[in-house]
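# Structural overview for review
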Amino acid sequence: MRSCPLNCTAVKQQFRTCSRITKDVNQMSRGYPCQSILPGILPDYDPNDNEAGMKILEDLTENVYQIQQRVLEEIITRNAHTEYLEGFLNGQYEKELFERKVPVVNYEDIKPYIERIANGESSNIISAEPITELLTSSGTSGGQPKMMPSTAEDLHRKTFFYNLLVPVMNKYVDGLDEGKGMYLLFVKPEIETPSGLMARPVLTSYYKSNNFKNRPLNRFNVYTSPDETILCSDSKQSLYCQLLCGLVQREEVLRVGAVFASAFLRSIKFLEDYWKELCSNIRKGHVSDWITDSSCRKVVSLILSRPNSELADLIEHECSTKSWEGIIKKLWPRTKYIEVIVTGSMAQYIPTLEFYSGGLPLVSTMYASSECYFGINFKPLNKPSDVSYTLVPNMAYFEFLPVKKNLADTEKEAVETVDLVDVKLGQYYELVVTTFTGLYRYRVGDILMVTGFYNNAPQFRFMHRRNVVLSIDTDKTNEEDLLKAVTKAKHLVELLGFLLIEYTSYADTSSIPGHYVLFWELTNKGSNDLLVLDPKIMEECCSTVEESLDSVYRRCRRKDNSIGPLEIRVVKDGTFDALMDFCVSQGSSVNQYKTPRCIKSEEAINILDSRVVGRFFSQNAPSWEPF
Ligand code: AMP
């Protein structure tokens, strides 16, 4: 193998001060092994070296402009001859041309290209690097998950990103190397596309990769869950085994968590249902017989190793108390924080997490997606409402579509994008990415607000996702899909002579799992008779709505059990007038008033709830197939 004639470290040093040099470096390093490491773009360093990690973060945030230029140049030069880019750029590269000719797109615009790859055409349609898998997003298109292209190299980019989280956490919390993390991580179903490419969620892809399996077991990567339990495809066995391992190793646990708050709380609920059985396993030193996944059974049995009645008594004592307030701290007494994403739609879970946590900090470390990993929270101990993410400038080329705060639909705005270094404090933007994996000027759909700067890198608060009204777990239901589902369901009551005159919704997370609630105001067609509703028909309405929602909702509801049965609350005559009066009293204009299709204000929910005349729940989980 040829070795690279360049000393990459030296090159990186130069790169920090001079972006022009990188162009030469780029050309010189072509064809040499270190090309895949992208000197300067993905610097190579020892992830166990905290100081080196901090230094990299300083460099990345100091040299945002240069790095972004370099990233764009690299992406364009590499992919100039793909069918997609050649169509716009004719093989040329100039930033100005890129911005002028390559359109800002939505998923629907690129879907045909991605489907062609899924059906066996060459990756070269969109990417010079072979597309090695398709990452199924929780955002959907036509009811199915969107599929984002990914490459082998992208796994290294993700590993680089994960490694950067370590020095940040170590800066704020001491002694993390003296124990383990109880992280409840899961894989989700995957399918093979006609071309043989796997289509699966981004984290499933990462946990199954060699990057995860062969991660250096440094202080940050030591988990109580053996990989076999994380990779177990039966989510119930997986969770049971992970909790068992976490309880057995409770003295070593320094931090607990899951990716999203919803998954963590679901695990706590599972613990509420299964703690007696878990204690019995610990007492006997025997894993329950229903754990039939042989590799899980084997590793968990090794960890359980012997009967331990003392530990079983202790856990039993804590779990049998009437209130589970502060249970996390009681079961895992050395825990320093709970690592779960609690920003965006996950903020609805903060009160419940606070109840269980016993005052532990809630830490949202990162902001990422199937398209690309975006940003890091540099102040992990900040309270959730103050969390901002600093976009890491070597992950992708970032642009921003300015958004007017009160304009619900950004599609109406024909504005130009702004570069990462040009965003303005306090302004709202929609994130647009150009990735190393074949997405060009792609609208992610997330609305962010600039809250400050770290060195030269802007920091963003995640505000909301464009046009999402309901979300419990990874589901993202928009107004249009909700309307379609309600329209289908309302036919059932129309056949009985009722009319649906208004509806709205909210995500009820007061119990675990949370569920969708629809408020319906019904009237008798042509008469003032009292409403007499047939519960069977109303339950069927609930099921029809569920059946009409997209596949991510149906997967969460049927396969993951992370969403409970949908509920329709029928409200009495005049309720929506009362809602309008309330909204107007809060500042809505009477002329422009439109019924909000999703309610977040507690007061508004109380107005609706106080007028409920009937509650009905879906009796069947909706159908779901991987695709
Ligand atoms: P997916 O494509 O299914 O991986 O979902 C990615 C989306 O999840 C992002 O585009 C955001 O809308 C949301 N998301 C990811 N990380 C965060 C975070 N830290 N805070 C709020 N929302 C997030």
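Throughout this description, residue numbers start from 1 for each chain and increase along the sequence as written. At least 70 in pLDDT is required for a residue's local features to be given in this predicted model, at least 80 for side-chain atom pairs to be given and counted, and no such filter applies to totals for whole chains, interfaces and linings, which use all residues. Processing note: side-chain calculations cover all non-hydrogen atoms of the structure and skip hydrogens and water entirely.

The protein appears in an unreviewed UniProt entry as Indole-3-acetic acid-amido synthetase GH3.17-like from Durio zibethinus. UniProt positions are given in the numbering used here, feature names are shortened, and annotations may be inferred rather than shown by experiment. One UniProt comment on the protein, placed under Sequence similarities (unreviewed entry), says "Belongs to the IAA-amido conjugating enzyme family."

### Considering the overall build of the protein
Helix numbering and strand numbering both begin at the N terminus, where a helix is a DSSP run of H or I of at least 4 residues and a strand a DSSP run of E of at least 2. Helix and strand content of the protein: 22 helices and 22 strands. Restricting the calculation to C-alpha atoms gives the radius of gyration, and the globule rule supplies 2.2 Å times the number of residues raised to the power 0.38. Here the C-alpha radius of gyration of the protein, 26 Å, is about what a compact globule of 627 residues would show, namely 25 Å. Each principal axis of the C-alpha distribution contributes one length, and for the protein these read about 85 × 65 × 45 Å. Residues counted as buried form 56% of the 627 residues belonging to the protein. Accessible area is worked out with a 1.4 Å probe on protein chains only. A residue is then buried under 20% of its type maximum, exposed over 50%, and partly exposed in between.

### A few points about the pattern of salt bridges
Just to be clear on terms, a salt bridge is a Lys or Arg side-chain nitrogen sitting within 4 Å of an Asp or Glu carboxyl oxygen. Inspection of the entire model under this criterion finds 37 salt bridges. In this structure, the salt-bridge partner of Lys-188 is Asp-560, at a minimum N-O distance of 3.7 Å. Of this pair, Lys-188 sits in the loop between strand S3 (180-183) and strand S4 (191-192) while Asp-560 sits in the loop between helix H20 (551-558) and strand S21 (567-571), placing them 372 residues apart in sequence. Judged by relative accessible area, which is 13%, Asp-560 ranks as buried. Here Glu-190 makes a salt bridge to Lys-208, at a shortest N to O gap of 2.8 Å.

### Considering the site of the ligand
The rule for a residue being near a molecule or strand is that one of its heavy atoms must lie within 4 Å of it. Taken together, 17 residues sit near the ligand, with Ser-138, Thr-343, Met-366, Ser-370 and Asp-446 positioned nearest. We call two N or O atoms a polar contact when they sit within 3.5 Å, provided that within protein one can donate a hydrogen and the other can accept it, with sequence-adjacent residues counted only if both atoms are side-chain atoms. Here an oxygen atom of the ligand sits 2.5 Å away from a polar atom, N or O, in the side chain of Ser-138. Measuring from a nitrogen atom of the ligand, one finds a backbone N or O atom of Met-366 at 2.9 Å. If the ligand stood free it would expose 500 Å²; the protein chains cover 91% of that surface. For the shell around the ligand, the secondary-structure elements that each account for two or more residues are strand S1 (131-141), strand S9 (366-368), strand S15 (442-454) and strand S16 (457-465). Among the elements that line the shell around the ligand, the one with the most residues is S9, at three residues. Per-residue accessibility takes into account occlusion by the displayed protein chains alone, with areas from the Shrake-Rupley method and a 1.4 Å probe.

### Details of helix H7 (residues 107-118)
The α-helix advances 3.6 residues per turn, and as a result positions three or four apart in sequence lie on the same side. By the burial criterion, the buried members of H7 are Tyr-107, Ile-110, Ile-114, Ile-117 and Ala-118. End-on, the buried residues of H7 take up no more than an arc of 100°, which puts them together on one face. Residues count as neighbours in contact if any of their non-hydrogen atoms are within 4.5 Å of one another. Buried residues along H7 sit in contact with helix H5 (83-89), S1, strand S2 (144-151) and S15. Just beyond H7, the residue with positive phi is Gly-120, at close to 110°. Note that the arc is defined by the directions from the helix axis to the C-beta atoms.

### Some details on the environment of Gly-326
Mapped onto the elements of the fold, Gly-326 is located in the loop between helix H15 (309-319) and helix H16 (327-331). Considered as a pair, Gly-326 and Val-517 are 191 residues apart in the sequence and their alpha carbons are 29 Å apart. If we ignore the near neighbours within four places in the chain, the residues touching Gly-326 are Phe-355, Tyr-356, Ser-357 and Gly-358.

### Quick word on the nonpolar core
Residues Phe-264, Ile-328 and Trp-520 are the most contacted members of the largest nonpolar core, which totals 84 residues. Broken down by element, this core gets its largest block of residues, 12 residues, from helix H13 (residues 261-284). Note on terminology: a nonpolar core comprises buried Ala, Val, Leu, Ile, Met, Phe, Trp, Tyr and Cys residues joined through side-chain atoms within 4.5 Å. Leu-85, Val-418, Tyr-442 and Phe-462 belong to the second-largest nonpolar core, a separate cluster that totals 71 residues.

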